[in-house]
Amino acid sequence: MPSYQAPRGTKDVLPSEAKRFQRLEAIARDVFRAFGFEEIRTPTFESLELFQRSLGETTDVVQKEMYVFEDRGGRSLALRPEGTAGVVRAYVEHHLSQTRPFCKLFYVGPMFRAERPQAGRYREFWQIGAESFGNASPSADAELLLLVQTLYDRLRVPDTQLRINSLGCSDCRPKYLGALLAFIHSHLELLCDDCKRRAERNPLRVLDCKTDAPKLADAPTIDAYWDDACRAHFEKTQDYLRRAGGRFVFAPRLVRGLDYYTRTVFEVTTTALGAQDALAAGGRYDTLVKQIGGPDTPALGFALGAERTLIAMDSAGALPAKNGNHLAYIAALGDAAAPVGFELLQSLRQDRALADRGWLFEGGFFEKKLGAQLTIANRLGATDAVIVGDDEIKRNEVTIKSLASGAQETLAKDRLTAHLMDRYAQGDMDQS
Ligand code: HAM
């Protein structure tokens, strides 16, 4: 076993997986652009207090899962366990409510939670998320849900389900919590130790417990307790969704692990993942901006787990595997040819037109025999080899060899770019 390994719950993203990651990110960026979201980047650590206030003191994330540390100046900080708190902090700190009251932001970045690692659950994981500020209309809820649906359609993750619920507001939710708590108390002996403890602090979370939820099938659900405004908001959200082709199910027991939510909450699940079935989750948080010291601002958002989403894409082989590139390998024959080959490689790499056409160039084993260089070219998946030897240099020519057919031709060096441009007519290459 090597002396050093990645810390428990973390993982290296090796080049083949990094490519898939880039693909996921590129599709997400494309969908965000179409829905009018712009990128924001916030620090990977923030003050501990920000997370305590935003996510809720009694949540598992704050109580058990944060990486907390003190810096040399004695400040209490925490690695961010999620992205919303930092984005809201930035929105307030930079007075975006004045300059950009209706801003829609997205982010891509690592998050940290000291959870027990298992398949699809890491201590450092990546989220791709979005937050939308300043729109209280149910059409904003529907818009976000459609964004999430569009994203998962584009990623071609099979068997996804978008589950939605409303957690009501500070007027109607306490009435529900009272009824739920009474029910939980009358069934307390059935519950696991965790939930017995949770019942007082955070009764909603009991509905989320994998072992206890099935035992509470008769527990009251929140839809019977919504006040008129919350009910109307949720119904309008669904109306908007239906009109625009939204596919969702109403899940009256759906709750979330973070405290900031009001009204609409949702998650995307898939059967492809096993126990860790939530690919993405989010909802409305109309009181959080004010709670963090900003003006009263309605807001909502979501985040997807990138690793989980990639696993779900994997298991059905659904990753759209294409990069549309063609690789030409530059080989040189002889001492005099090596620097010429090197120079040619660098100049081809800097040719914008060739790059736009999807051409990539590799080389650099000029001291090896030609056969060995061509073996490397094949191993790298090159379609063509461009060979420069002493004869070619004298005549200012290059030889281009198709590695698939073995056919080769010699042409004037200054014809090479045009030849490569013609090699794959425009449209033959999939640039998506
Ligand atoms: P969350 O439900 O805690 O929500 O996390 C969102 C997603 O992050 C989960 O559905 C899951 O895919 C992924 N995730 C969470 N923990 C882990 C882990 N330990 N390992 C791998 N993936 C994980 C939030 O974080 C909210 N900030 C979402 C939001 C944004 N709500 C409003 N705006």
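Because the structure is predicted, anything quoted here is derived from the model rather than measured.

The rules behind these values
Residues numbered from 1 in each chain as written. Predicted model: local features only at pLDDT ≥ 70, side-chain atom pairs only at ≥ 80, totals over all residues. Heavy atoms only, no water. Helix = DSSP H or I, 4+ residues; strand = E, 2+ residues; numbered from the N terminus. Near = heavy atom within 4 Å. Polar contact = N/O pair within 3.5 Å; in protein donor to acceptor, adjacent residues only side chain to side chain. Areas by Shrake-Rupley, 256 points an atom, 1.4 Å probe, with all protein chains shown as cover. Nonpolar A, V, L, I, M, F, W, Y, C, P; charged D, E, K, R; others polar. Buried < 20%, exposed > 50% of the residue type's maximum accessible area, 1.4 Å probe, protein only. Pairing = 2+ DSSP bridges. Lys, Arg positive; Asp, Glu negative; His and termini not counted. Salt bridge = Lys/Arg side-chain N within 4 Å of Asp/Glu carboxyl O. Contact = heavy atoms within 4.5 Å. Axes fitted to C-alpha atoms, helices over the stretch in contact; angles between N-to-C directions. Parallel < 35°, antiparallel > 145°, perpendicular 65-115°, else oblique. Core = buried A, V, L, I, M, F, W, Y, C linked by side-chain atoms within 4.5 Å.

Asks: I'm lost on the environment of D171 in this one. Help?
Replies: Secondary-structure assignment places D171 in the loop between β7 (160-166) and α7 (173-186). With 55 residues separating them in the primary sequence, D171 and W226 have C-alpha atoms 8.9 Å apart.

Asks: Sorry, what's going on with the site of the ligand here?
Replies: Near the ligand lie 26 residues; those nearest to it are E82, E115, Y122, R256 and Y261. Contacts to the ligand include Q127, whose side-chain N or O atom sits 3.0 Å from an oxygen atom. Residue A280 places a main-chain N or O atom 3.5 Å away from an oxygen atom belonging to the ligand. For the ligand, whose free accessible area comes to 660 Å², the fraction covered by protein is 96%. Of all elements in the fold, only β6 (124-133), β10 (278-284) and β11 (299-305) reach the threshold of two or more residues within the shell around the ligand. Sorting elements by how many residues they give to the shell around the ligand places β10 first, with 5 residues. Of the residues that constitute the shell around the ligand, the class distribution is 13 nonpolar, 6 polar and 7 charged.

Asks: Sorry if this is basic, but what is going on with the pairing of β10 here?
Replies: In the case of a regular strand, side chains alternate between the two sheet surfaces. The element β10 is extensively covered by neighbouring structure, given that 6 of its 7 residues are classed as buried. Note that strand β9 (residues 264-270) and β10 share 5 bridges and pair antiparallel. In the sheet register, V268 faces β10, and the bridge partner there is A280.

Asks: Would you take a moment to explain the side chain of R173 for this structure?
Replies: Inspection of the secondary structure puts R173 in helix α7. Nearest to the buried, unbridged R173 among oppositely charged side chains is D259, at 6.6 Å. From its side chain, R173 meets the backbone oxygen of L167 in a polar contact 2.8 Å long. Ignoring sequence-local partners within four residues, the contact set of R173 consists of L167, G168, L204, I222, Y261 and T262.

Asks: Please clarify how the packing of helix α2 (residues 48-55) against helix α4 (residues 84-93) should be interpreted in this entry.
Replies: The relative placement of two packed helices comes down to the angle between their axes together with the axis-to-axis distance. At a minimum axis distance of 10 Å, the contact between α2 and α4 shows a crossing angle of 105 degrees. By the angle between their directions, the pair α2 and α4 is classed as roughly perpendicular. Contacts between α2 and α4 involve L50, F51, S54 and L55 from the former and A85, G86 and R89 from the latter. Looking at the contact of α2 with α4 residue by residue, the class counts come to 4 nonpolar, 2 polar and 1 charged.

Asks: What is the right way to look at the sheet that holds strand β4 (residues 76-79) in this model?
Replies: One key point about sheets: their strands pair by backbone hydrogen bonds, in either a parallel or an antiparallel sense. Read from one edge of the open sheet, 3 strands run β2-β4-β3, paired in antiparallel fashion. Taken across any chain shown, the strands that pair with only one partner, and hence form the sheet edges, are β2 (45-47) and β3 (68-70). Across this sheet, the average inter-strand angle for adjacent strands is 35 degrees, counted without regard to direction. Strand direction decides the pairing type here: β2 and β4, joined by 3 bridges, are antiparallel. Counted as the bridge partner of F45 is L79 from β4.

Asks: Even after reading the chapter, I still don't get α4, so can you show me in this structure?
Replies: Think of an α-helix as turning once every 3.6 residues; residues three or four places apart then point the same way. Within α4, 9 of the 10 residues are buried, which leaves the element mostly enclosed by the surrounding structure. Along α4, the positions that sit buried rather than exposed are T84, A85, G86, V87, V88, R89, A90, Y91 and V92. Looking at the buried positions of α4, the neighbouring elements they touch are β2, α2, α5 (96-99), β5 (104-112), β6 and α10 (288-291). Downstream of α4 by a residue or two, H95 has a phi angle that is positive, lying close to 50 degrees.

Asks: Whenever I open this one, the sheet that holds strand β14 (residues 384-389) confuses me. Can you help?
Replies: Spatially, 5 strands are ordered β13-β12-β14-β15-β16 in an open sheet, and the strand pairing comes out mixed. Among the strands making up the open sheet, the edge pair consists of β13 (359-363) and β16 (408-412). Here the average twist between neighbouring strands, direction ignored, is 25 degrees. Bridge analysis of strand β15 (residues 397-402) against β16 gives 5 bridges, and the strand direction is antiparallel. Across the sheet, residue E397 finds its bridge partner in β16, namely A412.

Asks: Please explain the nonpolar core as it appears in this structure.
Replies: Considering soluble globular proteins, one finds that nonpolar side chains tend to be buried as a cluster. Formed by 93 residues in total, the largest nonpolar core has its most connected members in F32, F133, Y152 and F302. Broken down by element, this core gets its largest block of residues, 10 residues, from helix α6 (residues 138-155). Each residue touching F133, except ones within four places of it in the same chain, is listed here: V87, V88, Y91, P101, F102, C103, L105, Y285, V289, T297, P298 and A299. If you look at the next biggest cluster of nonpolar residues, it comprises 21 residues, including L354, W359, L420 and Y424.

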